[in-house]
Amino acid sequence: MPSRTRQKTRTAILSAGLELFQNPGYYKTDIRAIARTAGIAIGSFYNYFPDKLHLYLAVYRQEHEKIAERFLLLIRQGIPENPDPRALVLNLLQFQASAHNHSKTFYLESDLLGIAEPEVAQLKNELDSRLLDRLYPVLKPLVRPDISLELGLPILYDLIESTIHSLGEESEDRKGQIITELAAILNSYLFR
């Protein structure tokens, strides 16, 4: 099969996987549904992925990278000559909440899969670590000099992720209040 056709089919499978993992979710999706949504035969699926979990890993990597790129772009755009890091923190939290809200089922199930499947936990750790490595040099000049960002950044990231995940079915007003409060906490820790 020519490589262009092969890439097109792989992209169709990834798109179908993302669509179905978002709704109805990983656990309610089978390979038959993925193949049907991708417009391929079930047997063709196995030419690209050995099973549903490996497709999920590819989809998760793809989505994490997209969000990480947008997250880093937001930071770079938010740091002009005279940055207001406090506003930047609030914008970043709102962005994270929006990204997670867009694909609630996908992100909630990713937490479950991270517990149930060692490969998912390993990938999540790898991708989160890569994001933090990219965030560190951007944020370092902005934080108080007495803060060990190297130690604090993973803690802050976990705090942000767990808070965003806990928002669940809160009302939009309540979500906004929680995000604003978290921004105030982070700002008091990071900046003078």
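Everything that follows concerns the structure shown earlier in this document.
The rules behind each value
- Residues numbered from 1 in each chain as written.
- Predicted model: local features only at pLDDT ≥ 70, side-chain atom pairs only at ≥ 80, totals over all residues.
- Heavy atoms only, no water.
- Helix = DSSP H or I, 4+ residues; strand = E, 2+ residues; numbered from the N terminus.
- Buried < 20%, exposed > 50% of the residue type's maximum accessible area, 1.4 Å probe, protein only.
- Contact = heavy atoms within 4.5 Å.
- Areas by Shrake-Rupley, 256 points an atom, 1.4 Å probe, with all protein chains shown as cover.
- Lys, Arg positive; Asp, Glu negative; His and termini not counted.
- Charge placed at Lys NZ, Arg CZ, Asp CG, Glu CD.
- Salt bridge = Lys/Arg side-chain N within 4 Å of Asp/Glu carboxyl O.
- Axes fitted to C-alpha atoms, helices over the stretch in contact; angles between N-to-C directions.
- Parallel < 35°, antiparallel > 145°, perpendicular 65-115°, else oblique.
- Nonpolar A, V, L, I, M, F, W, Y, C, P; charged D, E, K, R; others polar.

## Regarding the overall build of the protein
Helix and strand counts for the protein stand at nine helices and zero strands. Taken across its 192 residues, the protein has 44% of its residues classed as buried. Counted over contacts in the protein with a minimum sequence separation of 6, partners at least 24 positions apart contribute 70%. Accessible area of the protein: about 10800 Å², with a carbon and sulfur share of 54%. The centroid of the 22 positive side-chain charges in the protein is displaced by 6 Å from the centroid of its 24 negative side-chain charges.

## What to know about the pattern of salt bridges
Any two side chains of opposite charge can pair if their charged atoms end up close together. Tallied over the entire structure, the rule returns ten salt bridges. E63 is the partner of K66 in a salt bridge, and the nearest nitrogen-oxygen pair spans 3.1 Å. With K66 and E63 both in helix α4 (residues 52–77), this residue pair falls three residues apart, about one helical turn. Two residues, R174 and E170, come together in a salt bridge whose shortest N-O distance is 3.7 Å. Under the relative-accessibility criterion, E170 is labelled partly exposed at 33%. Taken together, the shared-partner salt bridges in this structure form one network comprising R61, E65, E69, E126, R130 and R134.

## A short note on unusual backbone geometry
With an omega of 25 degrees, the peptide bond between N23 and P24 qualifies as cis. Residue position: P24 is located in helix α1 (residues 3–25).

## Overview of the side chain of S110
If you trace the backbone, S110 turns up in helix α6 (residues 104–116). For S110, a relative accessible area of 1% gives the class buried. Those residues in contact with S110 that lie beyond four places of it in its chain are Y56, Y60, V120 and K124.

## Side note on helix α2 (residues 31–38)
Where α2 is concerned, the buried positions are I31, A33, I34, A35 and A38. Check the buried side of α2 and you find it contacts α1, α3 (42–45) and α4. Backbone geometry just after α2 places G39 at a positive phi near 75 degrees.

## Considering the packing of α1 against α4
For the pair α1 and α4, interaxial distance at closest approach is 9 Å and the crossing angle is 90 degrees. Taken together, the axis directions place α1 and α4 in an arrangement best described as roughly perpendicular. Side by side, α1 and α4 meet where R10, I13, L14, G17, L18 and F21 of the first sit next to K52, L55, Y56, A58, V59, Q62 and E63 of the second. Taken together, the residues that form the contact of α1 with α4 break down as eight nonpolar, two polar and three charged.

## Regarding the side chain of T29
Turning to its location among the elements, T29 is positioned in the loop between α1 and α2. The buried category is assigned to T29, whose relative accessible area is 4%. Every residue in contact with T29, bar those within four places of it in the chain, is listed here: L20, F21, P24, I34 and K52.

## Describing the environment of G168
Residue placement: G168 occurs in the loop between α8 (149–166) and α9 (172–190). Residues G168 and L108, spaced 60 residues apart in sequence, show a C-alpha to C-alpha distance of 9.2 Å. Apart from residues no more than four positions distant in its own chain, G168 is found in contact with K104 and K175.

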